[in-house]
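Residue-level structural notes
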Amino acid sequence: MDYGHELQFGVFASPEASRVHETLELAQLADVVGLDLFTVQDHPYNAKHLDTSTLLTAVAARTSAIRVAANVANLPLRPPVGLAKQVASLDIVSGGRAELGLGTGAFWDAIVAAGGERRTPAEAVDALVEAIHVIRATWGQDPQHPGARSVTLGGEHYSVTGMHAGPFPVHHVGIWLGAYRPRMLRVTARLADGWLPSMGYADPEALAAMNAVIDEAAERAGRGPRTIRRMYNVFGSFGTGSGFLRGTADAWAEQLAELTLTEGMSTYVLGTDDPDVVRRYAAEVAPAVRDLVDAERARRAGASANPSTPESTPESTPESTPVSAGESLPDPTPTTRADVSPLIVRPTPDDGVRLSRALPWREDERPVTTKPEGTAYTPAQQAVPQHLVDVHDHLRGELAQLRDVVGQVRRGSLSTGAARSVINTMALRQNNWTLGAYCETYCRLVTGHHTLEDRSIFVHLRGAQPDLAPVIDRLEQEHHVIADVLEQVDDALVGLVGTDAYGRSGQEALDEIQRALDLLTDTLLSHLAYEERELLHPLARHGFG
């Protein structure tokens, strides 16, 4: 079952004290290449490991966007009040980027040697349940008393009497449980935000049965299965093998997409300390998984919006109106279906602001089609054009962030230009490297979206609605123009490499990046607005294919 959650990708790193600098650099890399999570294991009794909470704080201080979490916190050696305060503090200082993976504990001999309490399996689960209530209450998130400033909870393992709650996190911190046995899976369904198993303990073929336990318990608890994010710690190596996560990046992507679409897993946390693997995972695997899942979800939405089974034909087409081969079904109206309404999805307006002196096309020469205003669509049909707008909004949001990164690098170059110290030189080179990685990731994102449209969506719409051909021809032409602009951005980045960071050549290279980015902004935003104006109704009627 696909629960429809947005896909996320992260890293599961080792907290080895002997390689702390490599771990911090790995976290910075994961942040720059656009991964969502950076996690480390928590074994406080391991003499070779850094303290997890301290390491995560250092990671948060060196990054700007990636979220951080223990994977998973060792509850027997992390009393819940202190753990709640540590995570809330980290969430505050990081701007809302802390999460909490939590486990009952294992390796009991080592826990006892470190001063912890040995617990039976039943006691460990009881303690976890009590701890979750204490943590939520300390954060002011007690479901019975939200926002309460005083906490009193009595339990066999943890008791709090009249404690002042706080500090409160700045966002709703997710609690993710590493659970495998039926009782822990039911606790996950009742109390957690996410389920976080690991390969080796729960291999892919075991996920369906465990998901079924969570789903059933979530329904009984009145939460519903979709309220629990399905996460997965995965391990693999790139190569030519045929096993799970043992082949090429494309094979990885197909296997992970299949898990999302069949088992509902939506967050993949890769166990590795290798920066090259992290780069490939972010650059090749994650975008490909997203594309595969988006395409299949769009196909399913289109199929739902345009049922082709014999059983559905009488509902959408009166018996007195035969449909010939190749002819689209008539648009449903309120007289044939009770839940239809005019299209509520609106194209994003083009504000007309242009940053470049001239565009590589004439906007007034774009072909247009007649809009069937007033035509009614079902909610499933409305969801198809809304998905296109959502994808475009993501592209627009990422473009705004890219422009901000370029602005920060340009301002940093100017402000430190007079200071030729080694530290400032290294800082500026790091900024330039960050900029290059960000630009590369965004260019790949745009190219992937346009390729999906050219090869699938546009082909379908040409066949379903022939009068759209001039519009689709123009959209495809603009894809080629935008590809050329992306090449200009890439060329400008290449020009930045090897220049004198503080000299005229370095500043000229940054100016060229800004010029290319302005042109990309003008062409892409204009293109996205035009596409939405012309395709929202056709997509509602015909789906994605």
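Quantities reported herein were computed from a predicted structural model and do not represent experimental measurements. (Residues numbered from 1 in each chain as written. Predicted model: local features only at pLDDT ≥ 70, side-chain atom pairs only at ≥ 80, totals over all residues. Heavy atoms only, no water.)

1. Topic: the nonpolar core
Among the nonpolar cores identified, the biggest contains 86 residues, and Leu35, Phe38, Leu100, Leu102 and Tyr268 are the most heavily contacted of them. When neighbours within four sequence positions are excluded, Leu100 is seen to be in contact with Ala69, Ala73, Leu83, Val87, Ile135, Trp139, Val173, Gly174, Ile175 and Trp176. One finds Val405, Val406, Tyr442 and Ile513 within the second-largest nonpolar core, a separate group that totals 27 residues. (Core = buried A, V, L, I, M, F, W, Y, C linked by side-chain atoms within 4.5 Å. Buried < 20%, exposed > 50% of the residue type's maximum accessible area, 1.4 Å probe, protein only. Contact = heavy atoms within 4.5 Å.)

2. Re the sheet that holds strand 10 (residues 229-234)
Taken in spatial order, the nine strands line up as 3-2-1-11-10-9-8-5-4 in an open sheet, and their pairing is parallel. In this open sheet, the two strands that pair with only one neighbour each are strand 3 (67-70) and strand 4 (73-74). The pairing of strand 8 (residues 175-177) with strand 9 (residues 194-195) spans two bridges and is classified as parallel. For Trp176, the partnering residue across the bridge sits in strand 9 and is Gly194. Strands in contact with helix 1 (residues 20-32) are strand 1 (8-13) and strand 2 (37-40); relative to strand 2, the strand with the most contacts, it is inclined by about 155°. (Pairing = 2+ DSSP bridges. Helix = DSSP H or I, 4+ residues; strand = E, 2+ residues; numbered from the N terminus. Axes fitted to C-alpha atoms, helices over the stretch in contact; angles between N-to-C directions.)

3. Considerations on unusual backbone geometry
Between Asn71 and the following residue, Val72, the backbone shows a cis peptide bond with an omega angle of 0°. Considering the arrangement of structural elements, one finds Val72 in the loop between strand 3 and strand 4. Of note, the bond from Gly166 into Pro167 is cis; its omega dihedral lies within 30 degrees of zero at 0°. The residue Pro167 is located in the loop between strand 7 (160-164) and strand 8 in this model. Not every positive phi belongs to a glycine, and Phe107 is a case in point at roughly 50°.

4. A closer look at the side chain of Asn211
Of note, Asn211 is situated in helix 7 (residues 207-220). With relative accessibility at 3%, the residue Asn211 sits in the buried group. A polar contact is formed between the side chain of Asn211 and the backbone oxygen of Glu263, at a distance of 2.7 Å. Excluding its chain neighbours within four sequence positions, the residues that come into contact with Asn211 are Tyr3, Trp195, Arg230, Glu263 and Met265. (Polar contact = N/O pair within 3.5 Å; in protein donor to acceptor, adjacent residues only side chain to side chain.)

5. So, the environment of Pro197
By secondary structure assignment, the location of Pro197 is in the loop between strand 9 and helix 7. Of the residues examined, Pro197 reaches a relative accessible area of 0% and is grouped as buried. A C-alpha to C-alpha distance of 5.5 Å links Pro197 and Tyr232, two positions 35 residues apart in sequence. Excluding residues that lie within four positions of it along the chain, Pro197 makes contacts with Ala179, Tyr180, Ala202, Leu207, Met231, Tyr232, Asn233 and Met265.

6. A short note on the pairing of strand 2
Two faces belong to every sheet, and in a regular strand the side chains alternate between them. Alternating positions in strand 2 separate into two faces, Leu37 and Thr39 on one and Phe38 and Val40 on the other, with burial throughout. Traced from strand 1 through helix 1 to strand 2, the parallel crossover comes out right-handed. Inspection of the sheet shows strand 2 paired to strand 3 by four bridges, in the parallel sense. Residue pairing across strands places Val40 opposite Ala70, the latter belonging to strand 3. This β-α-β element, strand 2 to helix 2 (residues 52-62) to strand 3, shows right-handed connectivity. (Right-handed = clockwise from strand over helix to strand, strands pointing away.)

7. Concerning the packing of helix 3 (residues 80-93) against helix 5 (residues 121-138)
With their axes 9 Å apart at the nearest point, helix 3 and helix 5 run at an angle of 45° to one another. The angle between helix 3 and helix 5 places the two elements in the oblique class. For the pair helix 3 and helix 5, the sense of crossing is right-handed. Of the residues in helix 5, those in contact with Pro80, Val81, Leu83 and Ala84 of helix 3 are Ala131, Val134, Ile135 and Thr138. Across the contact of helix 3 with helix 5, the residue classes break down as seven nonpolar, one polar and no charged. (Parallel < 35°, antiparallel > 145°, perpendicular 65-115°, else oblique. Left-handed = near helix turned anticlockwise from the far one by under 90°. Nonpolar A, V, L, I, M, F, W, Y, C, P; charged D, E, K, R; others polar.)

8. Looking at a nonpolar patch on the surface
A cluster of nonpolar side chains, Ile92, Val93 and Val170, forms an exposed patch at the surface whose accessible area comes to about 280 Å². On the secondary structure map, Val170 appears in the loop between strand 7 and strand 8. (Patch = residues over 30% accessible without salt bridge, like charges linked within 9 Å, V, L, I, M, F, W, Y side chains within 5 Å. Areas by Shrake-Rupley, 256 points an atom, 1.4 Å probe, with all protein chains shown as cover. Salt bridge = Lys/Arg side-chain N within 4 Å of Asp/Glu carboxyl O.)

9. Things to note about the pattern of salt bridges
Applying the stated criterion to the full structure yields 30 salt bridges. Between Glu476 and Arg462 there is a salt bridge, and its shortest N-O distance comes to 2.9 Å. In this pair, Glu476 sits in helix 13 (residues 469-496) while Arg462 sits in helix 12 (residues 422-464), placing the two residues 14 residues apart along the sequence. The exposure class assigned to Arg462 is partly exposed, which follows from its relative accessible area of 28%. One connected set of salt bridges, linked through shared partners, spans Asp350, Arg354, Glu363, Arg366, Arg474 and Glu478.

10. Digging into helix 8 (residues 249-263)
With 15 residues, helix 8 ought to run about 21 Å at 1.5 Å a step, and its terminal C-alpha atoms sit 21 Å apart, in line with that. Turning to helix 8, its buried residues are Ala249, Trp252, Ala253, Leu256, Ala257, Leu259, Thr260, Leu261 and Glu263. (Expected span 1.5 Å × (residues − 1).)

11. A short note on the pairing of strand 6 (residues 150-153)
In terms of strand pairing, strand 6 meets strand 7 through three bridges, oriented antiparallel. Following the sheet pairing, Val151 is matched in strand 7 by Met163. Here strand 6 hands over to strand 7 after six residues, the two strands then running antiparallel side by side.

12. Section: empty space enclosed by the protein
Applying the stated criterion across every chain yields a total of two cavities of 30 Å³ or more. Estimates place the volume of the largest cavity at around 90 Å³. Lining the largest cavity are 15 residues, with Ser53, Leu56, Ala70, Leu83 and Gln86 sitting closest to its centre. Considering each element in turn, the lining of the largest cavity owes the most residues, four residues, to helix 3. (1 Å grid on protein atoms, 1.4 Å probe; cavity = no way out; pocket = protein on both sides within 12 Å on 5 of 7 lines; lining within 4 Å. Points joined across faces, edges and corners; volume = space filled by probe spheres on them.)

13. Points about the packing of aromatic side chains
Think of a pair of aromatic rings as described by two things: how far the centres are apart, and how the planes are tilted against each other in angle. Enumeration over the complete set of coordinates arrives at six aromatic pairs. Relative to Phe235, the ring of Phe12 lies with its centre 6.3 Å away and its plane at 50°, an arrangement referred to as tilted. Of this pair, Phe12 sits in strand 1 while Phe235 sits in the loop between strand 10 and helix 8, and the two are 223 residues apart along the sequence. Residue class for Phe235 comes out partly exposed when judged on its relative accessible area of 31%. Relative to Tyr201, the ring of Tyr180 has its centre 5.6 Å away and its plane inclined at 40°; by these criteria the two rings are tilted. With a gap of 21 residues between them, Tyr180 in the loop between strand 8 and helix 6 (182-191) and Tyr201 in the loop between strand 9 and helix 7 connect regions that are remote in the sequence. Relative accessible area serves as the criterion here: at 26%, Tyr180 is assigned to the partly exposed category. A residue is classified by how much of its surface remains accessible, and Tyr201, at 62% relative accessible area, is exposed. One aromatic cluster is present, built from ring pairs that chain together Phe9, Phe238, Trp252, Tyr268 and Tyr281. The ring of Tyr3 carries Arg230 above its face, with NZ or CZ at 4.1 Å from the centroid. (Phe/Tyr/Trp six-rings, centres within 6.5 Å; stacked < 30°, edge-to-face > 60°. Lys NZ or Arg CZ within 6 Å of the ring centre and 35° of its normal.)

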